[in-house]
Amino acid sequence: MEQTIPPRVLELLEWPLVSEELRKRCATLPGAAEIALLRPLDAPRARARLRKITEMKEMMRQEEPLDFAGITDIAPLVEMAGKGGVLSLEQLAELRDFCRASHSIRRALGERGERFPALGEERHRLGDLAELRGLLNESITGRGELNPDRYPELRRIASELFTAREDLERTLRGLINSPRLEQALQEKVFTSRNDRYVLLVKTAMKDRIRGTVHDVSASGATCYIEPEEITPLNNRVRMLEGELRGETLRILRALSQKAAESGPSLAANLGVIAMLDFLSAAARFSIDTGGSEPVVEDEPLIELFRARHPLLHLMSPSSTVANDISLGARRCLIISGANTGGKTVVLKTIGLCALFAMLGLHVTAGPDSRIGLFSRVLADIGDDQSLSRSLSTFSGQIVAIDEMLGAADDTSLVIIDEIIVGTDPAQGAALARAILESLIETGATIVVTTHYSMLKELPAADPRFINASVSFDMETLRPTYRLITGLPGVSYALEIAEIYGLPPGTISRARSLLDDREISVEALIEKVQRFEREMSEERERLEEFSRRLEGERDEIDGLTKALERRTQEIREKEGIEFLEELKEYRRLVTERITNLQRMGQRDAAKAHEQLRGIEASIRSALEKGREKRYLHRYRPAEPESIRPGDRLFIMSLEKEGTVERVDTAAGEAALLLGSSIRTTRGFGDLYRPLKAPAPPPRAKSRRRAGVREPSAPADGEIPPALQTSYNTVDLRGMRVDEGIDAMERDFDRMIRGGIDTAVVIHGHGTGAMKSAVRSHLPGCRYAAAFRPGKDGEGGDGVTIVRLGI
């Protein structure tokens with residue numbers, strides 16, 4: 001399907017103004033040049049370009065747009081080098097900057113390829129240019145000079161030239177300051193003539209200096225003389241300067257040759273980067289106009305939601321009215337309504353959206369919009385209230401419509417503003433209807449504006465037509481610029497004439513001349529429009545109410561989450577306070593143990609009672625803390641509800657078990673922990689989960705046969721641990737194998753002594769002992785669970801182990 005857009009249509013749709021807005025957003029001249037080359041695309045290429053613009057927008061929203069600094073139009077330089085020309089140092093520096101920027105863009109696309117796959121495809125079209133980039137980077141310094149480190153011969157010549165000039169200038173300064181020439185010199189300075197150093201000598205005294213006269217001043221009072229003493233030095237400088245130019249030319253020629261060899265890659269990269277810059281400009285334009293990527297359908301259709309004219313949106317984003325526009329099975333949209341109501345703006349919005357889709361640009365409508373690709377857009381737009389004033393006569397419109405009838409087919413979009421005006425209204429209406437019926441027979445999609453009542457009646461007789469109107473607020477006597485699909489519009493010609501100051505008598509006489517039928521039809525349309533407006537307002541109120549409810553629900557959800565966070569913070573705070581209390585208890589215990597060694601039997605018995613009181617306080621605090629930690633997950637089990645097979649939580653052990661036997665008389669139940677451990681607990685120690693537990697994940701066992709696997713480390717399973725000489729395993733200073741053996745022996749001793757929590761001190765060091773301990777514990781027959789130490793316990797330098805067999 002060949003797609004065409006006549007230049008006249010582009011002018012009518014104000015494409016030149018849109019393209020200028022796109023050019024303003026380009027970062028490079030090559031990118032701006034791409035806009036003039038835009039042509040309609042087929043559906044696959046249009047979808048691909050739309051997707052790239054969408055990804056470019058997302059890249060910009062993430063504050064990481066592509067950087068086009070250093071990209072210039074190098075096409076003339078590539079062409080010049082390709083023809084054997086020698087590029088200047090400045091031109092080669094421009095190529096170097098292009099290669100650097102090209103490499104930077106290529107790297108950026110590669111890094112973001114997973115997030116932006118459509119743009120990532122462009123990376124594969126960019127050549128690496130590594131050889132030329134490396135050569136130019138090494139050859140040209142940051143100051144834009146040839147690098148003497150790369151070219152030793154250039155360095156040698158430059159060094160010798162510097163020395164020769166110093167010798168020459170030293171000799172000249174000696175001559176200037178010599179008493180012999182003091183009277184002859186016009187000024188005590190030296191300059192150059194014909195690329196040779198000379199002295200400024202008074203003409204009357206030129207014979208005092210032996211040498212060559214190179215110039216005379218305009219007044220004739222000064223001669224520019226090269227003293228014979230410096231002639232050999234001047235010759236030396238000139239010779240070295242010639243060598244320097246020759247060597248420089250040789251280097252530039254070699255670099256230009258390398259640039260010529262890379263010419264195809266340079267040109268290809270320029271084309272890709274120019275397109276990327278254009279896509280970037282199109283993305284910025286989409287952001288600025290509220291555009292989005294539409295769904296491109298295979299068949300011609302128009303379904304735009306919240307569509308806006310892009311230029312009007314740029315001028316006044318907050319006041320531009322968005323409209324829903326739909327054309328599918330009904331192929332002709334007849335828009336009527338008040339003058340100055342925005343009918344022409346709607347036409348141009350439709351035409352521009354169709355044009356944008358053909359060119360692969362985002363449409364200025366919502367992201368849920370759908371549009372098909374038309375083979376051509378045919379338009380005749382001209383109205384005093386149009387954005388670009390373009391008056392059309394009856395004969396001119398007939399010529400334009402005749403061309404449309406000859407070109408239209410089922411893939412064409414036809415746009416006509418005020419169809420058939422400037423002639424007898426009755427004949428004009430009949431002609432307009434005949435034209436629309438002929439156009440719709442071609443299968444074209446048609447959008448027209450009109451004031452003819454005959455055309456407003458067409459949709460009632462032919463389902464291929466549909467009415468639409470731009471609404472008018474009778475209370476304010478102002479247009480709303482909103483499009484209402486399905487209803488014809490009222491022209492409100494008399495009301496608008498009255499607004500613009502036509503005498504009341506004239507308005508009254510006009511009303512009396514109106515046909516009764518026309519008055520009743522207009523009144524009926526106005527009444528229907530009023531009902532439609534009231535329904536729309538009610539719908540907006542319901543939507544607003546729904547939004548408020550949604551907002552309140554989100555607020556409640558937020559408050560609920562905040563409450564949960566606060567509850568957790570309180571629990572953590574209580575845990576910290578409990579640790580501080582444990583520290584104080586530990587201090588008291590240590591103090592009492594120390595005092596015991598100095599006390600008599602009576603005092604020792606009293607201290608023993610105090611220690612028993614401290615122990616009871618700690619146990620009570622542990623029980624309270626334990627319940628607080630678990631009551632949000634478990635509730636006390638009712639004794640009468642406990643049955644064999646129930647899964648219950650044992651608060652004192654902080655473990656779940658399965659009920660095997662219930663002894664109601666004794667008030668206790670026997671439970672199985674794991675696969676072999678059994679325990680009997682009173683009903684008061686048993687709690688039921690608030691929610692049914694999820695089945696545990698099946699994991700590959702790492703334990704030896706017959707050895708119980710400890711649970712994974714979890715802070716909630718092991719309460720804060722108090723270090724004592726009875727429960728501490730200190731492995732510091734030991735070898736790994738020696739430490740593991742010592743830990744196993746101490747665990748065995750502790751279990752036999754009734755100790756259920758061990759503190760293993762391994763320190764930090766190289767981390768070898770810590771790693772070995774924590775790797776060994778999952779297979780250790782004595783360890784039920786373990787975790788790293790917390791603040792107040794020794795931190796990560798210790799491991800807290802719950803013991804059990």
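Residues numbered from 1 in each chain as written. Predicted model: local features only at pLDDT ≥ 70, side-chain atom pairs only at ≥ 80, totals over all residues. Heavy atoms only, no water.

(A) Inspection of the side chain of threonine 449 at higher detail. Positionally, threonine 449 belongs in strand β12 (residues 445-449). Classification of threonine 449 by relative accessible area gives buried; the value is 0%. In this structure the side chain of threonine 449 is engaged in a polar contact, spanning 2.6 Å, whose partner is the backbone nitrogen of glutamate 418. In contact with threonine 449, not counting residues within four places along its chain, are Ile335, Lys343, Leu347, Ile416, Asp417, Glu418 and Ile419. (Helix = DSSP H or I, 4+ residues; strand = E, 2+ residues; numbered from the N terminus. Buried < 20%, exposed > 50% of the residue type's maximum accessible area, 1.4 Å probe, protein only. Polar contact = N/O pair within 3.5 Å; in protein donor to acceptor, adjacent residues only side chain to side chain. Contact = heavy atoms within 4.5 Å.)

(B) The arrangement of the packing of helix α4 (residues 43-61) against helix α7 (residues 117-125) in detail. Where α4 meets α7, the axes come as close as 7 Å, and the angle between the chain directions of the two elements is 100°. When the axis of α4 is compared with that of α7, the two are roughly perpendicular. Together, Arg51, Lys52, Glu55, Met56 and Met59 of α4 and Pro117, Ala118, Leu119, Glu121 and Glu122 of α7 make up the contact between the two elements. Each residue belonging to the contact of α4 with α7 can be placed in one class, and the counts come to five nonpolar, no polar and five charged. (Axes fitted to C-alpha atoms, helices over the stretch in contact; angles between N-to-C directions. Parallel < 35°, antiparallel > 145°, perpendicular 65-115°, else oblique. Nonpolar A, V, L, I, M, F, W, Y, C, P; charged D, E, K, R; others polar.)

(C) Helix α13 (residues 343-359), seen in detail. Over its 17 residues, α13 extends 25 Å from the first C-alpha to the last, a length consistent with the 24 Å expected when each residue adds 1.5 Å. The buried fraction of α13 amounts to 16 of the 17 residues, a majority that puts the element mostly inside the structure. At the C-terminal side of α13, glycine 360 shows a positive phi close to 80°. (Expected span 1.5 Å × (residues − 1).)

(D) Representation of the sheet that holds strand β6 (residues 302-307) within the structure. Strand order in the open sheet formed by four strands is β5-β9-β6-β7, and the pairing between neighbours is mixed. Looking at which strands have only one partner, the edges of the open sheet turn out to be β5 (295-297) and β7 (323-327). Between one strand axis and the next, the sheet turns by 25° as a mean value, whatever way the strands run. (Pairing = 2+ DSSP bridges.)

(E) Local environment of the environment of threonine 411. For threonine 411, the location among the structural elements is in the loop between α14 (394-407) and β11 (412-416). Along the chain, threonine 411 and leucine 373 lie 38 residues apart, while their C-alpha atoms are 7.8 Å from each other. Here serine 375 takes part through its side chain, which lies 2.6 Å from a polar atom of the side chain of threonine 411.

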